[in-house]
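Examination of the molecular architecture
So you can see what is in the structure, the chains are spelled out below.
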Amino acid sequence: MKVMKRAHGFTVIELLVAIVFLAAIGVIFFIQKNNLQIAGRDEQRKIAINTMHYGLEESFFAKNKYYPASIDEKMLTTVPSELFTDPFGVKLGDGASNYRYEPLNCTDDKCQGYNLRTTLENEADFVKTNRSN
């Protein structure tokens, strides 16, 4: 009886299946990584808006009984200055900023209310309004 020697190694089909599988895993990884980065930036925006909101309410309004016509790190000293810069490095008040402060019913730079908003990537705009009205 003749004994056949078996060749060692992988077939082309086995190699192609492994390559397709690894490529699919890679695509899923990069999609999930991108989604996590977007969610992180959105959370960073929400934290900044919430911090500015509480700074306006608990610090500025409690002391002055009105809201300012504009805000910055000099006016809201209780808010860390880096929170006035959005995730892409644009400061609040600059035209391309994700952060917007919209004063309402102002007279002589003293306002009765405000909207503080940011544009999120995965959700609708995140908006905080004054509590006093």
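For clarity, every value in this text was computed on a predicted model and none was experimentally measured.

Moving on: the state of the cysteines. Scanning the entire structure with this criterion turns up 1 disulfide. Bridging cysteine 106 to cysteine 111, the disulfide has an S-S length of 1.9 Å. Residues cysteine 106 and cysteine 111 are joined by a disulfide whose S-S torsion is about 100°; by sign, that bridge is right-handed. Accessibility expressed as a relative area gives 36% for cysteine 106, which makes it partly exposed.

Bringing the side chain of serine 97 into the picture now. Residue position: serine 97 is located in the loop between strand 1 (67-68) and strand 2 (99-107). Side-chain polar atoms of serine 97 contact the backbone nitrogen of tyrosine 99, separated by 3.0 Å. With residues up to four places along the chain from it excluded, the contact list for serine 97 reads Asp86, Val90, Lys91 and Leu92.

All chains considered together, the criterion is met by 5 aromatic pairs. Residues tyrosine 67 and tyrosine 114 carry aromatic rings whose centres are separated by 4.9 Å and whose planes lie at 70° to one another, so their mutual orientation is edge-to-face. Separated by 47 residues along the polypeptide, tyrosine 67 in strand 1 and tyrosine 114 in strand 3 (residues 110-118) bring together distant segments of the chain. Side by side, tyrosine 67 and tyrosine 114 carry an identical accessibility label, which is buried.

Calculation rules
Residues numbered from 1 in each chain as written. Predicted model: local features only at pLDDT ≥ 70, side-chain atom pairs only at ≥ 80, totals over all residues. Heavy atoms only, no water. Disulfide = S-S within 2.5 Å. Buried < 20%, exposed > 50% of the residue type's maximum accessible area, 1.4 Å probe, protein only. Helix = DSSP H or I, 4+ residues; strand = E, 2+ residues; numbered from the N terminus. Polar contact = N/O pair within 3.5 Å; in protein donor to acceptor, adjacent residues only side chain to side chain. Contact = heavy atoms within 4.5 Å. Phe/Tyr/Trp six-rings, centres within 6.5 Å; stacked < 30°, edge-to-face > 60°.

This is a description of form; function is not addressed.
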